[in-house]
Structures are given as C-alpha cells and as structure tokens.
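So you can see what is in the structure, the chains are spelled out below.
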Amino acid sequence: MRRCFVVALLLGCFVSEIVLAQEQLPLQADVRLRVDYNDRGLVSFRAVLEGGEATLRGTAQNLPGKETVLVTLHFDYPTNADIALDELISQIVISTSDRAGNEFSRVIIDPNTVPLNPNRAPLYCSATLYQPPRSSRNSYTVRIRVFGNYE
C-alpha cells in the first residue's frame, strides 16, 4: 500500500511538470506564404517579433522532385537601445496546407528556449516539409509561427 502511495505521489509531480511545460509563451510572429507548385524560386519574407526589435527573415523553396519544400529561417536582433532584453524563442511551428486551409505537414522546432541576444550572433534553422497534394489550385500555403517573449 505504501509503495502505491509513493508511485502515485511521484506521478502527480511529473504530471504537474508536464502541464507547466505545455504552457505556451505568446505568439510573436505568424507568417503565411503562398508558394506556387511549379516555381523553384525563393519566396522570401520578413517579420518583426512582437514586443521588441528582433527580426525573422526567411525563405521557402520547392525542392527537386516536386514533393517537398525547404523553409529556412534567420533570426537577428540588431538594436541601438542602451538597454535591451534578450528574446527567448520557445517554439517554432512550420506547416504546409492546401488552399482550403487543410494542414498537410507540420514541423515543431523546440529550440529549448534559445536566447537571441541583442547585437550578437544571429540564429539559423531550417526544415523540410511535404507539400500538400496538388489539386485544381496552383499554389499552397507555408505558415511559420514563432512563440516566445523578451526577458
């Protein structure tokens, strides 16, 4: 009986940690790109992370074989401010969807709360995702969401 109580107590501790880990920081960027299936060129974008001066630049490019897309991200934080808070990126979600909005492929990058420091080294990451099946439409959507905050 005592052993069951200890196991239950330990499980309760782990469950509370899991719940805390699932709390998500604010959405700072939400970018949607229209990518043409037949275009191998780069589709570029730029966004400022809400709440500060850090920027996100990136591209999406269809890869040979016509089944996948490469998404590259570049985070930078130039500032002239005397005092600037670190940008903490907690999660990056990249997805592809058809024109009707049906999500087809998703990658979740957990940078383990990587700090993006003001006027320091930029951060880079990339992911390869499957394109949605072709329909009568000529394009699909790539969505990039960044969660985090300035501390």
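Shown above is the structure to which this text applies.
Residues numbered from 1 in each chain as written. Predicted model: local features only at pLDDT ≥ 70, side-chain atom pairs only at ≥ 80, totals over all residues. Heavy atoms only, no water.

Colleague: Would you explain the overall build of the protein chain in this entry?
Modeller: From N to C terminus, the protein chain includes one helix and nine strands. Order of helices (α) and strands (β) in the protein chain, N terminus to C terminus: α-β-β-β-β-β-β-β-β-β. Within the protein chain, buried positions represent 36% of all 151 residues. With the model as given, the accessible surface of the protein chain reaches about 9,500 Å², and the carbon-plus-sulfur share is 52%. (Helix = DSSP H or I, 4+ residues; strand = E, 2+ residues; numbered from the N terminus. Buried < 20%, exposed > 50% of the residue type's maximum accessible area, 1.4 Å probe, protein only. Areas by Shrake-Rupley, 256 points an atom, 1.4 Å probe, with all protein chains shown as cover.)

Colleague: What is the right way to look at the pattern of salt bridges in this model?
Modeller: A side chain of one charge can pair with a side chain of the opposite charge when the charged atoms of the two come close. One pass over the structure, following the stated rule, counts three salt bridges. Arg 143 serves as the salt-bridge partner of Asp 30, at 2.7 Å between the closest nitrogen and oxygen. Taken together, the residues span a long stretch of sequence, with Asp 30 in strand E1 (residues 27-36) and Arg 143 in strand E9 (residues 139-150) at a distance of 113 residues. Note on Asp 30: relative accessible area 35%, which makes it partly exposed. (Salt bridge = Lys/Arg side-chain N within 4 Å of Asp/Glu carboxyl O.)

Colleague: What should I look at first to understand the packing of aromatic side chains in this one?
Modeller: The relative placement of two aromatic rings is captured by the distance of their centres and the angle of their planes. Tallying each qualifying case throughout the model produces two aromatic pairs. Look at Tyr 37 and Tyr 140: their rings are 4.9 Å apart centre to centre, the planes differ by 45°, and that puts the pair in the tilted class. Taken together, the residues Tyr 37 in the loop between E1 and strand E2 (43-48) and Tyr 140 in strand E9 connect sequence positions 103 residues apart. Judged by relative accessible area, which is 0%, Tyr 140 ranks as buried. Judged by centre distance (5.8 Å) and plane angle (70°), the ring pair of Tyr 77 and Tyr 150 falls under edge-to-face. Placement of the pair is Tyr 77 in the loop between strand E4 (68-76) and strand E5 (87-97) and Tyr 150 in strand E9, with a sequence separation of 73 residues. Judged by relative accessible area, which is 14%, Tyr 150 ranks as buried. (Phe/Tyr/Trp six-rings, centres within 6.5 Å; stacked < 30°, edge-to-face > 60°.)

Colleague: What exactly am I supposed to notice about the side chain of Thr 55 here?
Modeller: Structurally, Thr 55 can be placed in strand E3 (residues 55-62). For Thr 55, the contacting residues outside a window of four places in its chain are Arg 46, Ala 47, Val 48, His 74, Phe 75 and Asp 76. (Contact = heavy atoms within 4.5 Å.)

Colleague: Explanation requested: the nonpolar core in the structure shown.
Modeller: If you look at soluble globular proteins, the nonpolar side chains tend to sit buried side by side. Counting residues in hydrophobic clusters, the biggest one holds 28 residues, and the most contacted among them are Leu 56, Leu 73, Phe 75, Ile 94, Val 142 and Ile 144. The dominant element in this core, judged by the number of residues it contributes, is E9, at five residues. Look past the residues within four positions of Val 142 in its chain and what remains in contact with it is Val 31, Arg 32, Leu 33, Val 35, Ala 60, Val 69, Val 71, Ile 94, Ser 95 and Thr 96. (Core = buried A, V, L, I, M, F, W, Y, C linked by side-chain atoms within 4.5 Å.)

Colleague: I'm lost on the pairing of strand E6 (residues 103-109) in this one. Help?
Modeller: Successive side chains on a regular strand alternate, one facing one side of the sheet and the next facing the other. Two strands pair when backbone bridges link them, and E5 and E6 are joined in this way by six bridges, in the antiparallel orientation. Paired with Thr 96 across the bridge in E6 is Ser 105. Counting the residues between successive antiparallel strands, the hairpin from E5 to E6 contains five residues, one of them, Gly 101, with a positive phi of roughly 95°. (Pairing = 2+ DSSP bridges.)

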